[in-house]
Structure formats: structure tokens, C-alpha cells
Amino acid sequence: MTRVLTRILRLVLAAAALAVVAAGGLDLWLRTSLPQTAGEVVAPGLGGSAEIARDASGLVHIRAANMADAYFALGFAHAQDRLWQMEATRRLGRGRLSEIAGARFIGQDRMMRTLGIGRLADASFARLSPEVRSGLEAYARGVNAFLASRSGALPPEFALLFHRPEPWQPADSLIWGRLMALSLSGNWRRQLARARLTERLDDGQIRRLYPAYPEDAPVTVDEARRAATGPQGGGLAPVPDTAARIVLDALASAIPEAPAADTASNSWVVAGTRTASGKPLLANDPHLGLRAPNVWYLARIDTPDFSVAGATAPGVPFHVLGHNGTIAWSMTTTGADSQDLVIERLPADDVNSYIAPDGPKPFLTREESLKVRFGEPVRFPVRETRNGPVVSDLYRADEGLAAAGTVVTLRSPVLAEDDTTAEALYRINRARDWAGFAAALAKFHAPVQNIFYADTAGRIGFSVAGRIPVRNGRDGSLPADGTRADDDWSGFIPPDALPRSVDPARGYLANANNRVVGPGYPFAIARDWEEPWRALRLEELVAARPHDEARARAIQLDTLSAAARRLLPEMLRLTERQADIAPLLDRLARWDFRFGRDRPEPLIYTAWTTRLMTRLYADELGPHYRDFSRVRPLLILRTLADDPSWCNDVATVVERETCPQSLARALADARADLTRAQGSDIAAWRWSAAHRATLGNQALDWLPLIGRLSRITVATDGDDFTLNRGTSRGGARNGEFPHAHGATLRAIYDLARPDGSLFAMPGGQSGNPLSPHYRDLTLPWRDGAYVTLPAAPSGRMDRLRLLPAAVERPGGSGPGQS
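In this text the structure is predicted, and so the values were computed from the model without any measurement.

Q: Please clarify how the overall build of the protein chain should be interpreted in this entry.
A: Secondary structure assignment for the protein chain yields 24 helices and 31 strands. Here the C-alpha atoms of the protein chain give a radius of gyration of 28 Å, agreeing with the 28 Å that 2.2 N^0.38 yields for 818 residues. Taking the principal axes of its C-alpha atoms as reference, the protein chain extends roughly 90 × 80 × 70 Å. Relative to its 818 residues, the protein chain shows a buried fraction of 59%. For the protein chain, the share of sequence-separated contacts (at least 6 apart) that also reach a separation of at least 24 residues comes to 73%. Accessible surface for the protein chain amounts to roughly 31200 Å². Of this, 54% is attributable to carbon and sulfur atoms. Positive and negative side-chain charges in the protein chain, numbering 97 and 92 respectively, have mean positions lying 4 Å apart.

Q: I'm lost on the nonpolar core in this one. Help?
A: As a rule of thumb, nonpolar side chains are buried together in soluble globular proteins. W296, L298, L341, F437, I493, I525 and L802 are the most contacted members of the largest nonpolar core, which totals 141 residues. Here the element with the most residues in this core is helix α2 (residues 67–94); it accounts for twelve residues. Among all residues touching I493, those that are not within four sequence positions of it are I468, V470, L498, Y521, F523, A524 and I525. Counting 53 residues, the second largest nonpolar core, distinct from the first, contains L584, F595, L612 and A670.

Q: Looking at this structure, I do not really get the pattern of salt bridges. What am I missing?
A: Where charged atoms from two side chains of opposite charge come close, those side chains can pair. The full count for this structure, using the stated rule, is 58 salt bridges. Across the pair R427 and E131 runs a salt bridge whose closest N-O atoms are separated by 3.0 Å. Here E131 lies in helix α6 (residues 130–149) and R427 lies in helix α13 (residues 421–430), a separation of 296 residues in the sequence. Between E384 and R366 there is a salt bridge, and its shortest N-O distance comes to 2.8 Å. A residue pair is termed long-range when its members are at least 10 positions apart, and E384 in strand β14 (residues 378–385) and R366 in strand β13 (residues 364–370) qualify at 18 residues. Using a relative accessible area of 23% as the deciding quantity, one classes E384 as partly exposed.

Q: Explain the state of the cysteines to me, please; I cannot follow it from the model alone.
A: Covalent bonding between the sulfur atoms of two cysteines defines a disulfide. Counted under the stated rule, the structure contains one disulfide. What pairs with C647 in a disulfide is C659, and their sulfur atoms sit 1.9 Å apart. Its torsion about the S-S bond being 90°, the disulfide of C647 and C659 is classed as right-handed. Of this pair, C647 sits in the loop between α20 (633–642) and α21 (659–678) while C659 is found in helix α21, placing the two residues twelve residues apart along the sequence. A relative accessible area of 2% means that C647 is categorised as buried.

Q: So what exactly am I meant to see when it comes to empty space enclosed by the protein here?
A: Over the atoms rolls a probe the size of a water molecule, and its path tells where empty space is left. A complete count under the given rule lists eleven cavities of 30 Å³ or more for this structure. Approximately 450 Å³ is the volume found for the largest cavity. Residue lining of the largest cavity: 33 residues in total, with W176, G177, M180, T421 and P447 positioned closest to the centre. Top contributing element to the lining of the largest cavity by residue count: helix α8 (residues 175–184), with six residues. Tallied by class, residues from the lining of the largest cavity come to 22 nonpolar, nine polar and two charged.

Q: Please explain unusual backbone geometry as it appears in this structure.
A: Glycine aside, the phi torsion of most residues is negative, and most peptide linkages are trans. The step from A292 to P293 runs through a cis peptide bond, and the omega angle for that step is 0°. Turning to its location among the elements, P293 is positioned in the loop between β5 (281–289) and β6 (297–303). A cis amide bond links A446 with the next residue in sequence, P447, at an omega value of 0°. Relative to the elements of secondary structure, P447 occurs in the loop between α14 (434–441) and β17 (449–455). The phi dihedral of F162 is positive, around 50°, even though this residue is not glycine. Of note, F162 is situated in the loop between α7 (156–161) and α8. Backbone geometry places F593, a non-glycine residue, at a positive phi of 70°. Among the structural elements, F593 can be located in the loop between α18 (582–589) and α19 (601–621).

Q: Even after reading the chapter, I still don't get the environment of A582, so can you show me in this structure?
A: When you line up the elements, A582 lands in helix α18. Relative accessible area serves as the criterion here: at 13%, A582 is assigned to the buried category. Between the C-alpha atom of A582 and that of I460, which follows or precedes it by 122 residues, the distance is 51 Å.

Thresholds applied
- Residues numbered from 1 in each chain as written.
- Predicted model: local features only at pLDDT ≥ 70, side-chain atom pairs only at ≥ 80, totals over all residues.
- Heavy atoms only, no water.
- Helix = DSSP H or I, 4+ residues; strand = E, 2+ residues; numbered from the N terminus.
- Rg over C-alpha atoms; globule rule 2.2 N^0.38 Å.
- Buried < 20%, exposed > 50% of the residue type's maximum accessible area, 1.4 Å probe, protein only.
- Contact = heavy atoms within 4.5 Å.
- Areas by Shrake-Rupley, 256 points an atom, 1.4 Å probe, with all protein chains shown as cover.
- Lys, Arg positive; Asp, Glu negative; His and termini not counted.
- Charge placed at Lys NZ, Arg CZ, Asp CG, Glu CD.
- Core = buried A, V, L, I, M, F, W, Y, C linked by side-chain atoms within 4.5 Å.
- Salt bridge = Lys/Arg side-chain N within 4 Å of Asp/Glu carboxyl O.
- Disulfide = S-S within 2.5 Å.
- 1 Å grid on protein atoms, 1.4 Å probe; cavity = no way out; pocket = protein on both sides within 12 Å on 5 of 7 lines; lining within 4 Å.
- Points joined across faces, edges and corners; volume = space filled by probe spheres on them.
- Nonpolar A, V, L, I, M, F, W, Y, C, P; charged D, E, K, R; others polar.

Structure (C-alpha cells):
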């Protein structure tokens, strides 16, 4: 027996040793996927030599003799560091994820094929100017040169999927913009949520759930100087009937989780009269979903006659945010009502047609086919009307849906073939003054953005840019009726009539997704604006003077919640004081409303307001509460002050609950949640234990060991309503409020020295978890440190020289490892 056990033990140890060796060999092989960052590489398709230099943080500095070679080098660098991100983005847009990742992505692919994102990118490429197409083509050559010259392993995602990327096509670079526009244009989802509420609530209740933007809250542009030149927005859209609601419910169940709208950002610009340097200062922090790798990639390009530095998007050659040495620009999302769900009626005797205002019209139909890895191909028809693709066809499992005689289409500028937003970015990169900048904005179509401007001559400005529909008497709150001519769009607001301000007398412009212009403006931009809390705090801080980089940093990292400052005193005043919650009330009464990660008060307040939202509104909204459950301080305030009927639980008949009772019970619920999560010692509770930013790698996160290694997690400050944005996802019951949405970039441009502009972002430059630059920018981003992209960087630089294929290199001509 002893001999047998000994042999078994030896076999186990041998197997373990082989596993260790295999794991080590796998690690060594995967590490060959890290890019070559020094030496020389022969790059087919390059016109002349170009240099890709990387600093200690992996930030890229490109030098080339002309812009074609510069874009080539940027494509090469993007592919070195973010190849999987680029591949996943184009496959998402083209509806081709399931062919490499299997059946779980069929729903996502069907949606993208239905919307036609890839087809639209191909169509828009042909409409761009020759110089823009040339830039896209040069960039594609750079990506493909990397694919041709590299050796060793591909990044881990490719290895795990046994997948090799196809050559990059110039039109692939237009897909990112379409996807971003779709994500940042979210009013069709709000229309859907509001329409579904008509099943349970009357029109008055729905109106009260979506309170109007406060009259005394900040607006970005003073519109008093504008004369009325067009129609104001009209009334509410009609409430959908029962048949339409059946289809809308089906659509809600069929829409994939992504791309979901999640819009927020801060930006401000102050004139030189208010700065320490005497020149304008511009700051920006765009807020998006946090993930690894980050959406942005920091790069600088220098040629003999052109420079640009700032944030690029992997897959795209043109800088999205940044400066060119003369001007700087930034963006926040407007929140314009730029999309409509349209309810289309079908004739009773003709399933191949729909009813337009002038009578029945045939659907335009095409066939789509998805390849599915480890599965059979999926073939399906896509129908379109004059308004857009039939998105309700994403749901095809219920006979009652077919019998409804109704379909839903999506009408959106995002789905227009003639989109020229890439042209606008190309021209923004090259603008030298406000006139050139404004001319470029006229070509900016989607998504609708607030774009800030500053230049070295001292001028500051702001303009809304993008296609905002002019509706004929409807406000875009509910789906449109495709049979009615007055539910059509009559065009778009002309670019020169969009809200705009240049060199305002007060010396600054600021926006935190709040209302951009007051009610005197002649066109309807949106019904639903972001609640004004971040804007209130931003105006409060920006109105002070003087401004410099240190003050801009402090504003970007500010954690005081104007929402808590306004709402919490009312909650404390009204709450029934009970023994079990008294310690929490006392602690909150002494709180300074700052969401620092080292304190218990932010955790208590967040758990309380989250529980309060459920107590106030979940009973009336029923299954639709999930669409509505984000904490809404403005709504809570108005409920407590003017509309206490929401405090009563309609599911109980024994008593009629009051608001003081609901507040006390919600706080007791919150205490129970937090006790389960962090123990009974209130003083030991910490926001940091519940509020952590987790940047997950979507391709690797699900794997047991590799997923944990590829995940970046850090405790953070802030909440949904602080300038240092820390939006949570999740609920109170488990005491966890994960930070899922926030500043994916921070940028500060002092136009006295644009070369010293400051940047910060979570994650790192690389998308490869094995790289030292996968996560190295995360803690500096959290703690308020910044990096720069100067023309002459100091310190150690890794320099990779790209050579055209015809150039003979000293000492040999074989390509280097990449």
C-alpha cells in the first residue's frame, strides 16, 4: 500500500510540475504579444520614415515628414497597444461577434445588422472629402503593416479565441463614431421607458415623475440676445394604445444591454481676464462607462507643418479631444432629443406594407446572415420604413406580437448615410481660429455635442453641434405615430442657429450636461435634461477667480454634492426620529456633503436615498421600476414638498404611509443592509468598501483566473452628482455601490502654454493585461496626478523607427519583432 501511495504521489507531483512548466511556457509565449517599442521595423506601405516614441507611461509621440505617414504610424501604434479593442469594436458595429465568440452574441449582432451600422460606415466613407479618405487609408495601411510585420503571439484575447484579425479597412475607422453616437443618443430608450409606464400610470403621474428643469438652474448660453427665428416645441406625443404597448414591451425585452446610453461630462472655459496666465484655460472630463482598456489613447503627432495632442480613439486616426498648439477643444453631451421610436401600423390585409400619412407603402427588405461559432448560421430579414429600420423585429417569439398589427422603427441621424462627423473631426484638428472651428462644426452630425473652444489669441467659445430634429408640434417624450404627418420631422436645426456663445461678457462658459439654453430659445432641443446638481457646483467654483491649473485640478476632483446639500436637510427635517436610526441621523446632520472614500456618511446617505427611491416609487411602477431606479434628488425633493401621495405604499391597505414614515423606514432598511455588509460599528463603515471602480476586460472578465488578473479595481471618491463623478450601479440590499461610470479622461489646457497641457485617465495605454502600461495610470487618475504630451519630452523614451520597405537598414533588413 505504501508503495502504491508513493507512486500516486510521484504522479501527482509530476503532473503538477508539468502544469507549472506549461503555465510558464504559456506565459512566456503570451508575453511575445507585447509590442516592440525600440529599434527599427520595416513597415510596408509607409512613404518615408516615421518615429513612434513612448515615454515612461507609454504615452505615444509620433514624428513624421507628412500627415499620411503620421496617420500610418498612429495606426501602427494603436494596433500595437489596442488591437483587440479595435477588432472588438469593428465586429460589434458590423454585427460579427458571434462568428468568433459564439451564440451568446447573436442578439447583439442582430441589433447591429438591423441598424446597419457597418453598411452605413461603408456608405459614409465614399461621401468624405479626398483628404479625409486619404487619412483613413493611411491609417489602415499602418494597422495592416503591423499585422504583416509582427511576430510572436497575438494579444491574449485572440489566443483564447484562436482568432486572427482580418486586414483593417478604411471604413472600419468610421464604426467607432457610429457606436459612440448610438450610445450617447439615448432619448429613444427614455421614450420606450416612458411609453411602458402608460400601462400603469396616468399622464399626470408620468409628468410628475419627470419634473421640468428648474427655472433658476444654470444654463450654458444666455439666449436673451437671440431673436425668435423658428417654432417652439409643442405638446406631448400621444399615449400608445394597447397594441403598441405589447410591441414596446417586446422591444424592451429584446434590446441587448449594450450599447446603452450613459451620458455625462463636465467642461468649462475661462477667458484670460480670469486666469493667472492671462490666456484662456479650458478643462474637460468626459464621463463614460469604466472598462479596461479605456476608451481613450493619449497620443501626440508632430510633422513639419502640423501638431496635435490629446485623446484619440483606437481605430480612429483623428484626435477626438485635444489641442493643436493654437486652439484647444472639448466636449460634453447635450442630451438632445435627436431620435424617435416610431409606431408603424400595418394594413389589416397586407403584412408586407405599413401605413404612411399618404397611404400604404411597402417595406424595404434585405436578408442578413450571421455566422455563429460552434453553431448553425442565423438568417433573418430586416425591414425598413421611410422612418428607419424595424427594431421590434428583434423580438420574434410571440404570436400575439405578430397579431398586434404594429411594428416599431427607429428614426435617428445616427442611421443616416451622409454622416460627415469624421470630416468635422479632421477639420477641427486643423482649425486655427474660431471661424475655421465653426465651419468644421457645421459638418458634425452625430452624436449631438456641446463643444468648447479656446485659442492662444485669447478667444473662448461654445457651440452645440450635431443634427437636432425640428418636430412638428411634438416634444419627443413618447414614441411618434408613423401614420401622422405632424409626427414627422421637418428637418434639422440649422448649424448657425444652434446655441452658441463667443467671448461672453461674464468671461466663462460651463456645462455639466445641464440645459444649454433657456426657454426663450426658438427651437426645442430636449425635454429631459440632466438634473442641475453638477452644474450648480461647477458654476459656483468657476465663477470665482483667478483660475490656474491647480484650481482646475481641484474642480475636477471636487467631491461636494450639491444634490446632498439641498436634499439631505429636508430628509433630516421630515424623518420620524426612532432609536435605531438616531445615530445615523446625528452623523448625517454633521456631514459636510463631501463624498470622500474614507468616510461613512457618503455610504449612509447613498444607501438611504437608494432605499427611499424604492419605497416611494417601486409600488406604483411595478416591473417598470427597473427602467427608472436611478436616484433622482430633484424628484424626491418635489415629492416631499408637494406630492406626498407617492409616500403611500399602494400595496398595503391597513395604513396610509406618510413621508416621515417612509423616510424612517428607508433609513432603517439602509442600516440593516450596511450592517450585513460592513458590520454593526457605524464609525467603521467606509464609502471605499462599497464604492470601487472596477475596470473589467469584457473579453477576459468571465474567465476564473485570467479574469481576476485582467480586472482593475480601485476604491474611489464621488457619486453621481459630484464633479468628480462616481456613478454607481447596483442596489442597497448588498451594501455595494460599484463605481461603473465616471471620468474616462481629464484634460486641462492653459493656452499660455498648450504644450504643457495635462491629462489623466484610468487604466493605461495598453489593452494587453501583461503590459506594465495596462493599469499604471489608474492610481494617478484616482489621486489627482496628471501626465503631459510635450513636443520635447524629458526622461527616458523608447523609440521605434518605422522604415518604408524600400529602405535598406544598416546591419540587416529583416523586420523586428512586434
